[in-house]
Amino acid sequence: VSELNRGDGDRPEAGPVQPDTEAALEGTVQAPRTGAAVRTGDPAGFPKSLRELSRPGRRASSLPSLDVPKAEIPEAERRANDVGLPEVGERDLVRHFTRLAQRNYGVDTGFYPLGSCSMKYNPKVADAAASFPGFQRLHPLQPDATVQGALELLWRLERALCELTGMAGVTFQPAAGASGELTGLLIMRAFHAGNGDPRRRIVIPDSAHGTNPASVRMAGYEVATVPSDARGLVDLGALEKLVDEDVAGLMITNPNTLGLFEEDILGIARTIHEVGGLLYYDGANLNAIMGRVRPGDMGFDIVHMNTHKTFATPHGGGGPGAGPVAVRERLVPFLPAPVVSRDPQGRFFLDRDRPRSIGRVHGFNGNFGVLVRAYAYVFGNGGDGLRAVAERAVLNANYLAHRVKGEYPLAFDGRPMHEFVSTARPLKKHGVRAMDVAKRLIDMGFYPSTVYFPLVVEEALMVEPTETESKETLDAFAEAMLQSAREARENPDLLHQAPVTAPVRRLDEARAARQLKIRW
Amino acid sequence: VRFAPHTEDDVREMLSDLGLASLDDLYAHVPPQVLIDHPLDVPDGVSEVELLEDLHSLSARNRHVDDLVCFAGGGAYDHYVPAVVWSMAGRSELQTSYTPYQPELSQGILQALFEYQSMICDLTELEVSNASLYDGPTALVEGVHMAMGATGRSRVLVAETVDPRYVESLRTYGRGAGYRPETFPARDGRATIPEVDDGVACVIVQHPNVFGNLESVGDIFGAAARRGTRAIQVFDPLSLGVLAPPGELGADIAVAEGQVLGNHLSYGGPYLGIMAAQMRDVRRMPGRIAGQTVDVDGETGYVLTLQAREQHIRREKATSNICTNQTLMAVAAAVYLAWLGPEGLRELGEASSSKAAYAAERLAGHGGVSLTFPDTPFFKEFALSFEREPPEAVQARLVERGFLVGPVVEGSLLVACTERRSREQIDALGAAMGEVLG
């Protein structure tokens, strides 16, 4: 099909196989169904479901023999029949989940430029540390004296995150970014309530991620949307008109969701602070500015971080992440309790005596196993390394944007930071949509960029290469995007039919919702 | 350690393509007042071996549960995590992927989630499950929000015997969502039947409850059903091989802490928020849901479905703000449940409850130690009272002897048993308890 399919460099090797696409479309080559260059010897129809693999009487588990008298559960409470779980052997399980893994594409498989998600490489050393028994085998309710190392790890991580953000204190309870947002908004609420000044509205830009308005509602506030201007930045004039003393605060990412730095950030901060509101920094895009700009210096009062984005903890197919929240000194009393503290003798403890705290936002101590990985990333890179991370993330995005903008114009003129939003609008006249480009990229061995987001950009393609990708990878991806644009003009069917090399072809999402089948 | 692959030549070439002289130029449009010109006060980076040594020395200052014998409970338990669970859930194609926005490249995660949802339905005998929430307490919070939406009511009744961590979470999130949880009383460590009126959105019972006791769930949920109130049960997934499932007890919504399903203790997370419900509430469910469909060739495949509930589509009208969840923990739970199978699940429930019964007999009834609720049946955890000693002091002295017990709840010391605890370990705990009280 193209030289792309023969390129090597550090192009994905374990990705979907690359058959002759045109031949596949003509029906002369059967598109493979395993999605990986392995021949398994499975009968047709694999992967089956675990239920289909089940055989009565087969099992994988073995338990210690009962060495105490068997206790009887009161009859009224007893389950009448065995649970309808699958009955499979361990080998069945291993082959089944190995097949599933082979039908999945991760950062370890290849380039994954999913905009706004920071799909950077996840260092293996962080996984290794998290699996130390001294971390992995700790019960969450152990007395503080038995977990001094865990508490010190959190304490040191807190100090580093405060330095990185320009804040004074951190809670590690929030389990993800959205959980951090809600925590931050509840802190805002408690702060205003403490001043006897309840307020009703939170301002967010029209380009914001959907979690922002959803969190605002869960915190009991109303959303006030401020439009973007022709630069793709917050319209400062519109903001000034929008705010009054009923505004509790503003939530924003910077760089914003269009990948652009909000150059008027000091004016924005002043506008909000003048009416007594607080500034919330959504850390989704912190990767662009580490060691270069601190949210605290821009005037922010509350900051959440996404460890799975900025600090390279694996995204886990959708989670777990962690969403620590950092705040300025005057908001520290409102942090969820308990917080990690150190007594005058240097002993670490969980401080539960926090009368002004908003309370608990997680059952225990947050996603500790994820935070161990974040620690490994932060202290492995160090202060100097984190700055280099940010610079290279911005360099990569700018370089890639520069290479593709001839075919995919940037949605806005400003210099991109760690990601860029371009548009596939010029291809529309050939009947090709952003989604078609995305699916064609799959056939060329890549995970696609984010599409149709942010909502304010027509036919949006949002590309975030991250710092961990090499120039060779960026060049190969740029070529694939440019080739797709050429194909859109010359042979748009290639894009409409794509993907043909993935484990499945385009799926009927409308049918999934209409004929709902969400269990076996 | 360094994970950015750029050579100096790469940086130079890329900058020159961009018409820039230095990396600083990438930030030239940032207002100079906010640019920092000094290095961060974070130590410089270290090599991988130095990093591991630092982490190892931190971990070595913790006493973990292969060192202490774990009889601790309170919502997290030392059940065995079979080797196969993380050798599969940890496959890097799964672990390093993200939310399956492009389903054609995410069939592994999507099918695993579909199978997880199916097994949660099998376990609970409820009709639908989502693909994970953060943990048990936050799953309860989401369940309450569902109940409020479904009923249009805002009173929330919680049994006094529900884990205080769950109730504290309701209090926190209730300030935003506009409710204040009201507790209803218990007798002998079991919830009584509450007064339910037409303003009550939901009644919440934990079974087995915070003390490990079995509740009269059916009676309480019956009172709720008569008023059109949603019945919410907090359950222990590993009790369901031997205890009647939430669906049978009349629960409309069932939530649980899924740590016990193949997830490591890990000092409190990452864990797994489980939620199952009836089909009539499916459009009010929070979080991702995987669904089966077909591709253009008619082949079976999986997608995220009912996305119109979610924040990326519905924004402030979404059922929840959740985006990143605990998917990988749900995958581990799927491997674990299939590893256990129906027989394994039943045996595990029998073993845990039998060992707890043996431990209760061994520990209580002498030396000033008694069962706090002597006449109330329990599952794998029970509450001890001490005549002379504060329970925290007993707990601390047992740690010195190598045993982890607790937490302390309302003046009682909780002791939990899993299938891993041997008779020998239980006897040794009994002997140690005798010494510390001696």
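What counts as what
Residues numbered from 1 in each chain as written. Chains lettered and ligands numbered in written order. Predicted model: local features only at pLDDT ≥ 70, side-chain atom pairs only at ≥ 80, totals over all residues. Heavy atoms only, no water. Helix = DSSP H or I, 4+ residues; strand = E, 2+ residues; numbered from the N terminus. Rg over C-alpha atoms; globule rule 2.2 N^0.38 Å. Buried < 20%, exposed > 50% of the residue type's maximum accessible area, 1.4 Å probe, protein only. Contact = heavy atoms within 4.5 Å. Areas by Shrake-Rupley, 256 points an atom, 1.4 Å probe, with all protein chains shown as cover. Lys, Arg positive; Asp, Glu negative; His and termini not counted. Charge placed at Lys NZ, Arg CZ, Asp CG, Glu CD. Pairing = 2+ DSSP bridges. Buried area = accessible area lost by both parts, 1.4 Å probe. Salt bridge = Lys/Arg side-chain N within 4 Å of Asp/Glu carboxyl O. Polar contact = N/O pair within 3.5 Å; in protein donor to acceptor, adjacent residues only side chain to side chain. Phe/Tyr/Trp six-rings, centres within 6.5 Å; stacked < 30°, edge-to-face > 60°. pLDDT = per-residue confidence, 0-100.

1. Digging into the overall build of chain A
Helix and strand counts for chain A come out as 16 helices and 12 strands. Relative to a compact globule of 520 residues, whose C-alpha radius of gyration would be 24 Å, chain A shows 26 Å and is just as compact. Counting only residues that meet the buried cut, chain A has 68% of its 520 residues in that class. In chain A, 70% of the contacts between residues at least 6 apart in sequence involve partners at least 24 apart. Here chain A has roughly 16,900 Å² of accessible surface; of this, 47% comes from carbon and sulfur atoms. For chain A, the separation between the mean place of its 61 positive charges and that of its 64 negative charges on side chains is 4 Å.

2. A few points about the sheet that holds strand 7 (residues 200-207) of chain B
In spatial order, the strands read 2-10-9-8-7-3-4 (chain B); together these 7 strands make up an open sheet with mixed pairing. The two strands at the open ends of the sheet, each matched to only one other strand, are strand 2 (128-129) and strand 4 (182-184) of chain B.

3. Comments concerning the interface of chain A and chain B
Taken together, the 192 residues of chain A in the interface contact 186 residues of chain B. Summed over both sides, the interface between chain A and chain B buries roughly 16,900 Å², with carbon and sulfur atoms accounting for 61% of that surface. Looking only at chain A, the three residues that lose the most surface to chain B are Arg 79, Arg 137 and Ile 518 of chain A, adding up to 5% of its buried area. Where chain A touches chain B, the interface holds 18 salt bridges. Note that Asp 78 of chain B is salt-bridged to Arg 137 of chain A, the shortest N-O span being 2.8 Å. One can count 102 residue pairs in polar contact (both at pLDDT 80 or more) joining chain A with chain B. Here the element with the most residues in the side of chain A that touches chain B is helix 12 (residues 368-404) of chain A; it accounts for 24 residues.

4. Focus: the packing of aromatic side chains
All names here are of chain A. Across all of its chains, the model carries 22 aromatic pairs over all chains by this definition. Seen in terms of ring centroids, Tyr 105 and Tyr 447 are 5.9 Å apart; in terms of plane orientation they differ by 45°. Their pairing is tilted. Here Tyr 447 lies in the loop between helix 13 (434-443) and strand 11 (450-451) and Tyr 105 lies in the loop between helix 3 (90-102) and helix 4 (124-130), a separation of 342 residues in the sequence. Residues Tyr 105 and Tyr 447 agree in their burial class; the two are buried.

5. Some points on the confidence of the model for chain B
Averaged over all residues, the pLDDT of chain B is 97; the fraction at 70 or higher stands at 100%. Model confidence for the complex is summarised by a pTM of 0.95, with the ipTM given as 0.98.

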